[in-house]
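So you can see what is in the structure, the chains are spelled out below.
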Amino acid sequence: MSKWKRFTWTTHMKRTQQPSMQEAEQASLNHEILTTWRPGETLGEHMERRGVSRREFNKWCLKMIALMGVATVTGGVSNAQEIADKMAALKRPVVIWLQLQECTGCLESTIRSYNEEIGDMVLSAVSMPYVELLMAPSGDAANAALEEAIKEPHILVINGSVPLNDGGVYCTVAGDTVEHMLRHCAENASYILAVGSCAYFGSIQAARPNPTGAVGIRDILTDRTVINVPGCPPIGDVITAVIMYILTFDRAPECDLETRPLMAYGTRIHNNCPRRAHFDAGQFVNVFDDENARECFCLYKVGCKGPDTFSPCPIVKWNGGVSFPIQSGHPCIGCTELYFFDRMTPFYKTLPNVNGFGVEASANVIGAVGVAGAGAAIAAHAVGSAIHYKRQHMKEEANVSLPAFGDAPGSPDKETEE
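Below you will find a few notes about this structure. The structure displayed is predicted, hence computed values, not measured ones. (Residues numbered from 1 in each chain as written. Predicted model: local features only at pLDDT ≥ 70, side-chain atom pairs only at ≥ 80, totals over all residues. Heavy atoms only, no water.)

1. A few points about the environment of R112
Okay, step 1: Along the chain, R112 falls in the loop between α6 (105-111) and α7 (116-125).
Okay, step 2: Each C-alpha atom, one on R112 and one on N319, is 8.8 Å from the other, the two residues being 207 residues apart in sequence. (Helix = DSSP H or I, 4+ residues; strand = E, 2+ residues; numbered from the N terminus.)

In structure tokens, the structure reads:
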């Protein structure tokens, strides 16, 4: 790769003065020239011409490499510089981004990441001739752009579910059902990504009673491998990492039985949760904003679905790695899991039968029986401490009082799970 130079056209404009109309037009033209890909240009050459230093580019590549988990899933290739060079040598591929029955949140998650380079780099790395939320053309011009793009091999990214009831009339584009549009765009696709829980299984639209007959992409493209990147929405960095993995290694990442990439969905939130020690110690939040909540105790009792949810939220986090729901004080709702809206609701009810470790037989049962079965003195001491804490400071209840949802303050459901 040629030497990298730092250059931005904004440095030629005085920040203390408003630019003239002519200067603004010239600045816009310069920006368009910098951001437009040249024929045969690689990603590295394009980034260099845009003023991205080699150091900045490598830093971004390292972040993608970490997210892709290449040390364990690329057949031994673990040289970071070698992989960064592969990324730099990429020619701009075509990505078609369909938005079906959905809320635009998944694409918003990608382009509005706290770290702006994520959205900028993924858009720079690919050509997206058709993406309804971002593209300037509309009407016939948009349809023509789509038809031209699907003639060549492409990566097909889909947000949203597909409604099947009543002939699919609940979601149409240019008078065509999204089911027909999806099948048409998938014919020549090299890879197919279902991004977001709507595309995964239908999400909220598919929840009972499912009036539109919403289904996920894999229920339509049954003869194709669909890579699922679930979440409501997924973390933008994860979407980017999956796309960059495919571009860098020209193959799909290793996936679980639900075809979710293991690099992102290979471990439970519960395993990496910063509140896990409190779970093991039997220290739970019983009512939102109680003293236990202020102490950042475990949110299991107020409905956290982390023990049954596979997602990288505790590791990657949101808003540039600042936080994620559990860290911010709200229980996980399990949005990366299949049929979560039916399986995980009510969201604030305790998930049943989750086994604890060390100091308890289960998260709902803490008793003297655990002492007799523990055997070792250390284990007995830990159990005894947990029991003492429970008796003095905690009121164990399976359900919580939520005045905002119609519950009487201070009168939670008295039934506990045995």
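After that view, the rundown keeps rolling.
2. Details of unusual backbone geometry
Okay, step 1: Cis rather than trans, the peptide bond between R208 and P209 has omega equal to 5°.
Okay, step 2: Within the fold, P209 resides in the loop between α11 (203-206) and β8 (214-215).
Okay, step 3: Between C232 and the following residue, P233, the backbone shows a cis peptide bond with an omega angle of 0°.
Okay, step 4: By the element assignment, P233 lies in the loop between β9 (226-229) and α12 (236-249).
Okay, step 5: The backbone of T104 sits at a positive phi, close to 75°, despite the residue not being glycine.
Okay, step 6: Here T104 is to be found in the loop between β1 (94-99) and α6.
Okay, step 7: Owing to a relative accessible area of 24%, T104 belongs among the partly exposed residues under this scheme.
Okay, step 8: Positive phi, normally seen in glycine, also occurs at C296, with a value near 60°.
Okay, step 9: Mapped onto the elements, C296 comes out in the loop between α16 (291-294) and α17 (313-316). (Buried < 20%, exposed > 50% of the residue type's maximum accessible area, 1.4 Å probe, protein only.)

3. With respect to the state of the cysteines
Okay, step 1: Counting across every chain of the model gives zero disulfides.
Okay, step 2: Of all cysteine sulfurs, the one in C304 lies closest to C273, which takes part in no disulfide; the gap is 6.2 Å. (Disulfide = S-S within 2.5 Å.)

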